[in-house]
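# A look at the structure
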Amino acid sequence: MPSLPKSDELIFFVNGRKVIEKNAVPEVNLLFYLRKVLHLTGTKYACGGGGCGACTVMVSRFDPKTKKIHHYPATACLVPICSLYGAAITTVEGVGSIKTRIHPVQERLAKCHGTQCGFCSPGMVMSIYTLLRNHPEPTPEQITEAIGGNLCRCTGYRPIVESGKTFCVASTVCQVKGSGKCCMDQEDRSFVNYQEKMCTKLYNEDEFQPLDPSQEPIFPPELIRMAEDTNKRRLTFQGEKTTWITPVTLDDVLELKANFSEAPLVMGNTTVGPNLKFRDAFHPVFISPLGLPELHFVNTTDDGVTIGAGYSLAQLNDALLFTISDQPKEKTKTFYALRKHLRTFAGAQIRNMATLGGHVVSRPKFSDLNPILAAGNATINLISKEGERQIPLNGPFLARLPEANLRPEEMVLSVSIPYSSQWHFVSGLRLAQRQENAFAIVNAGMSVKFEDGTNIIKDLKMFFGNVGATVVSASETCEQLTGRRWDDQMLSDACQWVLDEVYIPPGAEGGMVEYRRTLIISLLFRFYLKVRRGLNEMDPEKFPDIPEKFMSALEDFPIKTPQGIQMFQCVNPRQSPQDPVGHPVMHQSALKHTTGEAVFSDDMPPFSQELFLAVVTSPRAHAKIISIDSSEALALPGVVDVITAEDVPGENNYSGEIFYAQNEVICVGQIVCTVAADTYAHAKEGAKKVKVTYEDVEPRIITIEQALEHNSFLSVEKKIEQGNVESAFKQVDQIIEGEIHVEGQEHFYMETQTVLAIPKKEDKEMVLYLGTQFPTHVQEFVAAALNIPRSRIACHMRRTGGAFGGKMTKPALLGAVCAVAAYKTGHPIRFILERGDDFLITAGRHPLLGKYKIGFMNNGVIKAADVEYYVNGGCTLDESEWVIEFVVLKSENAYYIPNFRCRGRACKTNLPSNTAFRGFGFPQATVVVEAYMTAVASQCNLLPEEVKEINMYKRISQTAHEQTFNPEPLQRCWKECLEKSSFHARKLAAEEFNKKNYWKKRGLAVIPMKFTVGVPVAYYSQAAALVHIYLDGSVLVTHGGCEMGQGLHTKMIQVASRELNIPQSYVHLSETSTITVPNASFTAGSMGTDINGKAVQNACQILLDRLQPIIRKNPKGKWEDWITEAFHKSISLSATGYFKGYQTNMDWETEKGDAFPYYVYGASCSEVEVDCLTGAHKLLRTDIFMDSAFSINPAVDIGQIEGAFIQGMGLYTIEELKYSPEGVLYSRGPDEYKIPTVTEIPEEFYVTLVHSQNPIAIYSSKGLGEAGMFLGSSVLFAINDAVTAARKERGLTETFTLSSPATPEMIRMACVDQFTDMIPKDDPSTFTPWSIQVS
Ligand SMILES: Cc1cc2nc3c(=O)[nH]c(=O)nc-3n(C[C@H](O)[C@H](O)[C@H](O)COP(=O)(O)OP(=O)(O)OC[C@H]3O[C@@H](n4cnc5c(N)ncnc54)[C@H](O)[C@@H]3O)c2cc1C
Ligand code: FES
Ligand code: FES
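About the criteria used
Residues numbered from 1 in each chain as written. Chains lettered and ligands numbered in written order. Predicted model: local features only at pLDDT ≥ 70, side-chain atom pairs only at ≥ 80, totals over all residues. Heavy atoms only, no water. Pairing = 2+ DSSP bridges. Helix = DSSP H or I, 4+ residues; strand = E, 2+ residues; numbered from the N terminus. Axes fitted to C-alpha atoms, helices over the stretch in contact; angles between N-to-C directions. Contact = heavy atoms within 4.5 Å. Expected span 1.5 Å × (residues − 1). Buried < 20%, exposed > 50% of the residue type's maximum accessible area, 1.4 Å probe, protein only. 1 Å grid on protein atoms, 1.4 Å probe; cavity = no way out; pocket = protein on both sides within 12 Å on 5 of 7 lines; lining within 4 Å. Points joined across faces, edges and corners; volume = space filled by probe spheres on them. Nonpolar A, V, L, I, M, F, W, Y, C, P; charged D, E, K, R; others polar. Parallel < 35°, antiparallel > 145°, perpendicular 65-115°, else oblique. Left-handed = near helix turned anticlockwise from the far one by under 90°. Disulfide = S-S within 2.5 Å. Near = heavy atom within 4 Å. Polar contact = N/O pair within 3.5 Å; in protein donor to acceptor, adjacent residues only side chain to side chain. Core = buried A, V, L, I, M, F, W, Y, C linked by side-chain atoms within 4.5 Å. Salt bridge = Lys/Arg side-chain N within 4 Å of Asp/Glu carboxyl O. pLDDT = per-residue confidence, 0-100. Phe/Tyr/Trp six-rings, centres within 6.5 Å; stacked < 30°, edge-to-face > 60°.

## Describing the sheet that holds strand β41 (residues 1035-1039)
Backbone-to-backbone hydrogen bonds pair the strands of a sheet. The strands run either parallel or antiparallel. The sheet built from four strands is open, its strands ordered β42-β41-β40-β44 with mixed pairing. The two strands at the open ends of the sheet, each matched to only one other strand, are β42 (1067-1069) and β44 (1134-1139). Going across the sheet, the axis of each strand differs from the next one's by a mean of 25°, ignoring polarity. Pairing between strand β40 (residues 1023-1029) and β44: six bridges, direction antiparallel. Opposite Ala 1024, over in β44, you have Tyr 1138 as the bridge partner. The strands touched by helix α32 (residues 1048-1060) are β41 and β42; relative to β42, the strand with the most contacts, the crossing angle is about 150°.

What follows is the structure, encoded as C-alpha cells:
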C-alpha cells in the first residue's frame, strides 16, 4: 500500500463558530464530536444507527455551481466528522436558547405540549427547523414528512404535528380536513356543545412569536470562499488505525480507487457507518468523494434520465418529480414507482444523506429502489482510470454475481433510468411493519411490456426484496410467461412458478416464512390488477376492467396528516387567576427540552479522571461459566480494569437479583463482567477481547409452554374466585374455551439506561446520577453491593428520557454494577447502555398466555368464567409476582361475571428478567377478557359491544375481590363514547364499505375500561416532600417522585403555587434525591401526583399555618414581606410534608381486599381499514373518553392519555420482539423493533376528559399515567372486526380472535384466500424456525 501523508486540518462550522480540528479521526462521528468534544449536549444519542432521529442536526453546504446553500437534516450519529469539511452544522443550541432567544419552532413545540420527557425534542426541533429553512410556509404534509424519521415514545406525536402545523399558512390547527372551517363549526361533530363547560384550547396561539426567516443566522462567508476556491486539493485525515481521504477531482478519486481498491467510497455513510458500528467491519482507508461535482447532475435525453451517483435520495426524489411534471405520464412510470417508495423510505434524514450510487452499490437485500430500477431497465454508468462502461442494473448485478459486478477499481458515475413506453407498466410494491421508516418485509419491482395494442407479454420482469440474501429476480418465471396473455390463467401459473423460483426455506433468517411467501404472490396479484386497470384505461373496449370490488386492492394506504380535538373541563371562572390548578400549564422543562438545555445524566460534564464502562454479556441462555480470561482486554490501550463477580465487596446476589454472573449464566444478556477504560471505544474494544468459556446446562427454558412442561415458576399461584363456577357451567346455554397470546414489549424509552457513579474520597461515600423511577431502590442495591450503609450512598435523579416502568428496578441492578466498578477502580464511572445492550439486558413487558373457559346464555349474559394466566417472567423474580397479582386482581376489567375464577402464575424461564411496564400486566390480561367477550358475541350472533354492555358493571358493586366501587363514570364514558363517536352509524357504514370491497375491510371496536391506580400494599403509597422558603420569597420544592416526562414536577409546582397562594414562577423544583427525601417509594402505578401531591400539599400547608399569624397581622402585605417577617420572628421556613399513603390491602388467603385506592374508567372507539392482501392496516379514527375526575393539568393528562394510547397501539399491533429458539433476542434497536411513528397514529384523534368526583385524591383528581395504554387495544379489536369480516366473506364463519400483536403477518395470514392456500406449509418437525413466540 502506498504511504500516506500527514493529517490535514478539518475545517467546518458549528452554530456559526469555526471548528478547526487538527487531529480528525475517521471513525469519529458528529454526534460524538458534538457531545464529547464540543460539549454541545443538546443533540441526543438514542440508537446510534440513524433509526430514531434524536441526533438530528442541520447540515448546510454552499454549491458553487448553483450558488445556492443547501440545507438538509442529518442524523449526526451517522455523519463522520471527516465528511464535514466546508459544511456548516446547526444544532439545537444554534437554533435558539432560553438565555438569548428561543426560536419559534422551539417555543411552539414546547407550548403545544409536544414534549414530555424531552429526549426526542431537540431532534424534532431540528427536523422542523430544517424544513422551515427550506420551506418557511410548509404544508401539513411536509410537516408530517419532516418528522417521519423522528421517534417519540411519550407524546403520541399529535401535539408535535400540531406545533408544526402552526407554521402552515393554509391550515390552522383547528381545521378539520382542510375544509377551512374551524373544527368547532363542523356540523357532523355531534359532540360539539355537548357539555357547555368544555374547553378545547390547550395553548394560546396569540402568544407565539412570528417566524421571521430573515432572522436566521447567515451561512459563514468563509465557507462560501472555501467552496468557490478553484485550487482545492485532496485532504487526508489520519487516525490511529484508519485514514480518510477526500479527493477533489474525479481523476483523483479514480487514482485513489486504483490504489486502494478495497477502500469504500463513503457517501451518505448509511451503509458503511452501520456496518462499522454494528457488524464489526473494518476499513483502513476511506475515500470520500461526497461533494464531487461530477457526481451531481441530472441529464435528460430522448431515452430517459441520467442521474449522478452523488445525488442524495431526496435530490433524486426532486429530480424525478421534475421529470414527472415535465414528461407525459406514459414515459414516467418507473419514476413514479420510485417516488412512491421514496416517500416511505427511511426518514427524511436518511433520504437526505444516502446517495443513489451508495444505494445501488450496497445492494441491501431489502432495497426499495433496486428492484424498481431493475424492473425499469436501468443501467449503471461506471468509470475507472481505464475508462467508462455501462452495466445493466439487473438480476445478476443484484445477485452480486462476479461477472455482473463492478471491478474493484471502478466506481458508479451515474445511473440511467429509461422512460417507460405506452404498452409498458412499471410498479413498486412493498409491505413493512409500519408505513414509514421501516425496512420492507417483502418488496418488489415489476414491469411488463406488451406487444403494442395487445395484452400479450413481450417482456416481463419481477424482482423481490427481502426474500433471500440479495434482491432476487424471478427471471425464469418471467421468461416462461413471455408470449402469454395477461389473464387470470397467466396469473395463476405465475404465482405457482414464482413460488417455486423464489423459494424461502422454512428456517430462513428473518422468519415470517409463510407470510413472506404469501406476500410474493399477493404483491404479484396487486401488480396484475394494476396492469389490467392500465390496459383498460388504454383500450376499454378490448380489455375489461377489474371488478369494482377489487379496486381498493390497487393502492397502499395514503399517508395523511393527523388531526384531532381535545376536550376538557374549563377552569371555574371564579378561580383566582394566579391559581394554575386545572389549567393546561406547559411542562416545567418544556423550553429547556426544546432548546437542548435540559441536562440529562450523560449531558453532565466529564468528571476528573472518569472512566467508561462497557459490558460483556452472556451469549448463552443457561450455561456454566468455565473461565473468564481478561488478559487480552487488559493489554489494550486505555483499558484500566475488568470487573467480575469476584470484585463485588458486598452481596453479589441480592434480593434475588444477580449483579455480575457467578459460576453460571441464566439468560442471554446477563452481565458477566464489565470493562473500564478511558474512553467508551476502548472499553468496548476491551469487552470484545474478554474470553469467556461456557458449558451449556439443561434445561434451557425459553417459552411459557416449556416452563409449564418443566413446572418452572417464580412464585406461587395467585387466585381470586367468586360464586360457584363449576355449578354455573352446568346451567349455561353455551360454553367456549380458548387461548390468547400477548407477546412482550420493549420500553424503548428514548434515553437508554445511564448511570454515573462517583466514589468520594471520604468515608466510602458514593454519589450516583442516573435516570430512575426509584432512587431508593438504587441506593439499597448499591449499598448492598458495596457493603456500605445506605446513608453514604446518594442518588440524584433530575429527569430521564422516558421510563414507562423500565427504570423502576433495572437502574438498581445497573447502579450496583457501575458502583462496584467505581469502587474497584477508584474512578468516577460513566455507564451508558448502548441501545442494543439496553434491549438485551433490561427486558420489558411480560409476555402472557391466557386460557379461558366461559359459560353464557344465548342472550349474551355471561354466567361463569374460569381463566388462567401465565406470564413469562424471565430468569429472576424482579416484578413478576406483582405483575401476576395485578393481572389476577384487575382481569375482570369492566365486567361483572357472577361466577368468576381467575388464577395466575409467573413462569421462570431463561430469558432476561421481565419487569414493570406501564399498566403492569393489565394491558395484557384484559386483551384476554375482550377476546372472550368478542368470542361470546360471535357465538350469540351479537355485536361485541352489545355483549360488553350486557355484562358491564352498572351500579355500585363489588369486584371479584370484594372491593366496593361505583361504576357510574364507566357507564358515562361508555355511553358517550358510543354516542359521540357515532359508533353505530359508522359500523353500518363500515359494513357497507366491506360489501363493496373484497381486499380492504373496515372494522370498529369499542373497549370499556375499569383500571386502578396504586398498589395493594399501603406503605408503598407513602410519600414525603421537603419545601424550603428562601428569604427572597422563592420556594424550593423537593419530593420523592421522579420526573420522566409525565409532568409530575409541573403538577407539583401547580400544587405548591395553589397551596402557598403564590405565582408558579416563585416555585422551583430541581431534582429528586435520596438526600432530600429518604426512603421514597417508586414513581409508578399512576400514583406519582396523588401521593407526592399530598406530601407537597402537606408541607405547604404546614408552612402556611406557620405564616398565618404574620399574614393576619398584615393581610395586604406581600409574600416577600411575610417571609422576611417570619424570619425575623424565628419561624422555620422549611417543612417536611408527608402522606401516609392510601389504606389499601389484599389478603391472598381469603382472596379479598380493598386492593386499590380508586378506579379510573374510560372507553375508546377505534376504526381501522385492513389491507387483506398485504396485512397492512390504517387507523382511521379513535375517540377516547377518559374519566379524569378533575384534571390538575389537562395538557399533561391528555398528553399521558394520547401517549399511552399510542404506546398501547404499538404493543397490540406492530411492536414485535423476536427471539431465537435458543433465547437470543434478535430485535435490538429501531431497525428491527418498530414502535409507532407519526404515520401510525389515528388520522382523526379525539380525546375527551370526562368529569367525575374522586375526593380521596388531591383536588379530586385521578392518576392517568397508565390508563390509556389498554385503550390501545381498541385498535387490535377493530382489526379483529375487519379480519372477521374478510374471513366471513371467504366462507370462514367460526369464531376467530387475533392474538397480540396483530402484526401485518398475523392479519394477512388470517385473511385466508386463494393466495394463502397456495403457500406450501412446512412440517414443523423438519426444520428449526428462525424465531419463536415466547408467550
Ligand atoms: C436508518 C436507515 C434506514 C434505512 N431505510 C431504508 C429503507 O427503508 N429502504 C431501503 O431500501 N434502504 C434503507 N436503508 C439503506 C440505505 O438505502 C442505504 O444504506 C443507502 O442507500 C446507502 O447509500 P450511502 O450513500 O449512504 O452509501 P455509503 O454507506 O456511503 O456507501 C455504501 C457502499 O456503496 C459504495 N459506494 C457508494 N457510492 C459509490 C459509487 N459512486 N461508486 C461505487 N461504490 C459506491 C461504498 O463503497 C460502500 O461500499 C436505510 C439505512 C439506514 C441507516
Ligand atoms: S441516535 Fe442518531 S438516529 Fe438515533
Ligand atoms: S417526549 Fe418524545 S420521547 Fe419523550
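## Topic: helix α10 (residues 313-326)
Relative to the 20 Å expected for 14 residues at 1.5 Å per residue, α10 spans 20 Å between its end C-alpha atoms, a close match to the ideal helical length. Every buried residue belonging to α10 is among Leu 313, Ala 314, Leu 316, Asn 317, Ala 319, Leu 320 and Thr 323, and all of these are buried. Against β10 (298-300), β11 (304-308), α11 (333-344), α12 (348-353), α13 (356-362) and β14 (411-418) lie the buried residues of α10.

## Examining empty space enclosed by the protein
Gaps left between atoms show up when a probe the size of a water molecule is rolled over them. Evaluated as defined, the whole model comprises 17 cavities of 30 Å³ or more. Counted as a void, the largest cavity has a volume near 430 Å³. Considering the residues around the largest cavity, the lining is formed by 33 residues, among which Met 1044, Gln 1046, Ser 1086, Gln 1200 and Gly 1265 are closest to the centre. Of all elements in the fold, only α32, α33 (1088-1113) and α35 (1194-1213) reach the threshold of two or more residues within the lining of the largest cavity. The biggest single contributor to the lining of the largest cavity is α33, with three residues. Within the lining of the largest cavity, the residues separate by chemical class into 11 nonpolar, 16 polar and six charged. Of the volumes computed, that of the second largest cavity is approximately 200 Å³.

## As for the packing of helix α3 (residues 104-111) against helix α4 (residues 121-134)
Contact pair α3 / α4: the axes reach a minimum separation of 9 Å and the direction vectors enclose 130°. Accordingly, the angle class assigned to the pair α3 and α4 is oblique. The handedness of the crossing between α3 and α4 is right-handed. Two secondary-structure elements touch here, α3 through Val 105, Gln 106 and Leu 109 and α4 through Ser 121, Met 124, Val 125, Ile 128, Tyr 129 and Leu 132. Here the residues of the contact of α3 with α4 are counted per class, giving seven nonpolar, two polar and no charged.

## Comments concerning the sheet that holds strand β34 (residues 848-856)
Read across the open sheet, the five strands follow the order β28-β36-β35-β34-β29; overall the sheet is mixed. The sheet is open, and its two borders are formed by β28 (718-722) and β29 (734-742), each paired with just one other strand. Averaged over neighbouring strand pairs, the angle between their axes works out to 10° when direction is ignored. Sheet analysis places β34 next to strand β35 (residues 862-872), joined by nine bridges and oriented antiparallel. Bridge assignment links Leu 849 to a residue of β35, and that residue is Tyr 870.

## Digging into the packing of helix α28 (residues 922-940) against helix α37 (residues 1273-1289)
Taken N-terminus to C-terminus, the directions of α28 and α37 make an angle of 30°; their axes are 11 Å apart at the nearest point. As the angle between them shows, α28 and α37 are arranged roughly parallel. As for how α28 packs across α37, the hand of that crossing is right-handed. Within the contact between the two elements, α28 uses Val 927, Glu 930, Ala 931 and Thr 934 and α37 uses Ser 1273, Leu 1276, Phe 1277 and Asn 1280. Here the residues of the contact of α28 with α37 are counted per class, giving four nonpolar, three polar and one charged.

## A short note on the environment of Arg 400
Checked against the element boundaries, Arg 400 lands in the loop between α15 (395-398) and β14. With 70 residues separating them in the primary sequence, Arg 400 and Thr 470 have C-alpha atoms 7.8 Å apart.

## Some thoughts on the state of the cysteines
Simply put, disulfide is the name for a covalent bond between the sulfur atoms of two cysteines. Counted under the stated rule, the structure contains one disulfide. Covalently, Cys 199 is tied to Cys 570 through a disulfide, its sulfur atoms 2.0 Å apart. Its S-S torsion of about 120° marks the bond between Cys 199 and Cys 570 as right-handed, since a negative value means left-handed. Here Cys 199 is found in strand β6 (residues 198-199), whereas its partner Cys 570 is found in the loop between β19 (563-569) and α19 (590-595), with 371 residues between them in sequence. Not part of a disulfide, Cys 495 finds its nearest cysteine sulfur in Cys 478, a span of 12 Å.

## Comments concerning the site of ligand 1
Not every one of the 33 residues close to ligand 1 is listed here, only the nearest: Met 267, Thr 270, Thr 271, Thr 355 and Val 412. The separation between an oxygen atom of ligand 1 and a polar main-chain atom of Asn 269 is 2.9 Å. A distance of 2.6 Å separates an oxygen atom of ligand 1 from a polar side-chain atom of Thr 355. Of all the secondary-structure elements, those providing two or more residues to the shell around ligand 1 are α13 and β14.

## Structural notes on the pairing of β41
Counting buried positions over the five residues of β41 gives five, a clear majority of the element. Side chains Val 1035, Val 1037 and His 1039 project from β41 onto one buried face, and the interleaved Leu 1036 and Thr 1038 project onto a second face that is buried too. Bridging between β40 and β41 involves five bridges; their strand directions are antiparallel. Paired with Leu 1026 across the strands is Thr 1038, a residue of β41. Here β40 folds back onto β41, and the loop between the two strands holds five residues, one of which, Gly 1033, carries a positive phi near 95°. Relative to β42, β41 is paired through three bridges, and the arrangement is parallel.

## Quick notes on the nonpolar core
Within the largest apolar cluster, 266 residues are counted, with the highest numbers of intra-cluster contacts made by Phe 464, Trp 486, Tyr 869, Tyr 932 and Trp 1119. A per-element tally of this core places helix α18 (residues 513-538) first, with 13 residues. Setting aside residues up to four positions removed in sequence, Trp 1119 forms contacts with Ile 1029, Gly 1033, Val 1035, Leu 1060, Ile 1062, Tyr 1066, Leu 1104 and Leu 1107. Among the nonpolar cores identified, the runner-up in size contains 72 residues, and Cys 55, Val 57, Cys 77 and Phe 335 belong to it.

## Observations regarding the pattern of salt bridges
Two side chains with opposite charge may pair up if their charged atoms get near one another. In this structure the tally under the stated criterion is 74 salt bridges. With a shortest N-O distance of 2.8 Å, Arg 158 and Glu 162 are connected by a salt bridge. Linking Arg 158 with Glu 162, this pair stays in helix α6 (residues 158-165), spanning four residues, or about one helical turn. Assigned by exposure class, Arg 158 and Glu 162 land together as buried. Its salt-bridge partner being Asp 368, residue Arg 430 comes within 2.9 Å of it at the nearest N-O pair. Linking Arg 430 in strand β15 (residues 424-432) with Asp 368 in the loop between α13 and α14 (370-375), this pair joins segments that are 62 residues apart in sequence.

## Looking at the confidence of the model for the protein chain
On average, residues of the protein chain score 96 in pLDDT, and 98% of them reach the 70 mark or higher. Long-range and interchain partners of residues 175-195, a stretch whose pLDDT sits below 50, account for 39 contacts in this model, where long-range means more than four residues apart.

## A short note on the packing of aromatic side chains
All chains considered together, the criterion is met by 44 aromatic pairs. Ring centres of Tyr 203 and Phe 208 lie 5.8 Å apart, and the angle between their planes is 20°; this geometry places the pair in the stacked category. Taken individually, Tyr 203 and Phe 208 each receive the classification buried, so the pair is uniform in this respect. Considering the side-chain rings of Phe 525 and Tyr 528, the 6.4 Å spacing of their centres and the 25° angle between planes classify their relative orientation as stacked. Of this pair, Phe 525 and Tyr 528 are both found in helix α18, three residues apart, which corresponds to roughly one turn of the helix. Assessed through its relative accessible area of 3%, Phe 525 is described here as buried.

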